[in-house]
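# Observations on the three-dimensional arrangement
In case you want the letters, here they are:
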Amino acid sequence: MVMCIRVPKKEGETVRSALAESGILRSDHRIKAEGGFLLMPVSSDPGGWELTEADLEPQEAAEKDYRALSEVPAELRHLLPGSYDIIGDVAIIKLEQELLPYRHSVGGALLRVSSNLRTVMLDSGVKGEFRVRDLERIAGSGTSETVHREFGLRMATDPAKVYFNPRLATERMRVARLVREGEIVIDMFAGVAPFPLVICRHARPGRVYAIDLNPAAREFALRNIEMNRIDRIEYITGDAREVIGGLPQADRIVMNLPQMAYSFLPDALARTRTGGTVHMHAILERTEAGAFADSLLEGIPHPARLDRVSELKTYSPTMSVYVLDIVRC
Ligand SMILES: C[S@@+](CC[C@H](N)C(=O)[O-])C[C@H]1O[C@@H](n2cnc3c(N)ncnc32)[C@H](O)[C@@H]1O
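Description of the structure in this document. Everything numeric here is computed off the predicted structure, so don't read it as measured data. (Residues numbered from 1 in each chain as written. Predicted model: local features only at pLDDT ≥ 70, side-chain atom pairs only at ≥ 80, totals over all residues. Heavy atoms only, no water.)

### A word on the sheet that holds strand β5 (residues 85-87)
Sheet architecture is open: four strands sit in the order β5-β6-β7-β8, paired in mixed fashion. If you trace the sheet from one side to the other, it starts and ends with β5 and β8 (132-140), each paired once. With direction set aside, neighbouring strand axes in the sheet form an average angle of 30°. As paired elements, β5 and strand β6 (residues 90-93) share three bridges and run antiparallel to each other. Residue pairing in the sheet places I86 in a bridge with A91 of β6. Against the sheet, helix α2 (residues 103-113) engages β6, β7 (119-127) and β8, with an angle of about 80° to β8. (Pairing = 2+ DSSP bridges. Helix = DSSP H or I, 4+ residues; strand = E, 2+ residues; numbered from the N terminus. Axes fitted to C-alpha atoms, helices over the stretch in contact; angles between N-to-C directions. Contact = heavy atoms within 4.5 Å.)

Now the structure itself:
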């Protein structure tokens, strides 16, 4: 028996591609149709769909490992990373210093194992308050500007100009599935607006306010809103701490600025209706996440309770990114 999720057929392709991009979809078993549903084999619970077990047919996994094709000295091979990000047709990979002389071979290997890629970028880190990436093209052609597909939406972005994280696809869908009809939603750190777009496509909010400091984020977000024919998003360029005070009380607030969202929590809770939820992201030492959650609300001048804590992704050998769902009382 294999762990799998039960997904309505009409959502099948969008869920399948999001799971594949986030590395959760298992390729060693076939997806099976059952009534109006698809049973998709997963390596962990992505949240948002019924988790079950089923007898799925095994299949040979295709050779997809770029490491087998990278020409690097044998003693450095163990340094080749096991994962990298794909945004649209752009792969973004981080390499240890020792591998930099071989970066073009690594980039070429990535292009060979994935026919959907146009270019491969070396990522030297996220910088500045706009959280943009320092990128160098190591294989392929063109710039890092691309259109990423997620849950039936097209999202134009350029990781050299604006932050975008393809690994949050299932978290965006989880939040969208919690949104009830008519909700007022605020995304305090919206980037190119992936949370607002997924929420508007897969739920029926009354209005979604999307805030970001970065003017380039606004340009991409407005293109995305138009390209996907979404009409309930109001995009505001500015500092969320200043902007949020002028917005209506919200039923739901998304705070995807994991380095410092906690410092904005009092402002967010002040704008949340009783019974509303703040989804706050935080980077925490895995050994300290429990203690952080226990003391999270101490000293916060608004009544609230912690409803749920979930690990979203690994950040470093000892740290992870978490999402904390905090309900205003
Ligand atoms: C981690 S990114 C999140 C982007 C988006 N939510 C996503 O999932 O792709 C954080 C964003 O917050 C923006 N930002 C940083 N400080 C801000 C502030 N004080 N007010 C509004 N936006 C801010 C950055 O420009 C960046 O786009």
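Let us keep going from here.
### Comments concerning the packing of aromatic side chains
Considering all chains together, one arrives at four aromatic pairs under this definition. Look at Y66 and Y84: their rings are 5.7 Å apart centre to centre, the planes differ by 90°, and that puts the pair in the edge-to-face class. Of this pair, Y66 sits in the loop between β4 (50-54) and β5 while Y84 is found in the loop between β4 and β5, placing the two residues 18 residues apart along the sequence. Residue Y66 is classed as buried on the basis of its relative accessible area, which comes to 2%. Pairing Y262 with F292 gives two aromatic rings, centres 5.5 Å apart and planes at 65°, and the pair type is edge-to-face. With Y262 in the loop between β14 (250-255) and α7 (265-270) and F292 in helix α8 (residues 289-295), the pair connects residues that are 30 residues apart, well separated along the chain. Given the relative accessible area of 33%, Y262 is considered partly exposed. (Phe/Tyr/Trp six-rings, centres within 6.5 Å; stacked < 30°, edge-to-face > 60°. Buried < 20%, exposed > 50% of the residue type's maximum accessible area, 1.4 Å probe, protein only.)

### Points about the site of the ligand
Taken together, the neighbourhood of the ligand is formed by 20 residues, with F189, D212, D239, A240 and N256 sitting nearest. Here an oxygen atom of the ligand and a side-chain polar atom of D212 are 2.7 Å apart. In isolation the ligand offers 610 Å² of accessible surface; the protein chains occlude 97% of this area. Residues that form the shell around the ligand fall into these classes: eleven nonpolar, five polar and four charged. (Near = heavy atom within 4 Å. Polar contact = N/O pair within 3.5 Å; in protein donor to acceptor, adjacent residues only side chain to side chain. Areas by Shrake-Rupley, 256 points an atom, 1.4 Å probe, with all protein chains shown as cover. Nonpolar A, V, L, I, M, F, W, Y, C, P; charged D, E, K, R; others polar.)

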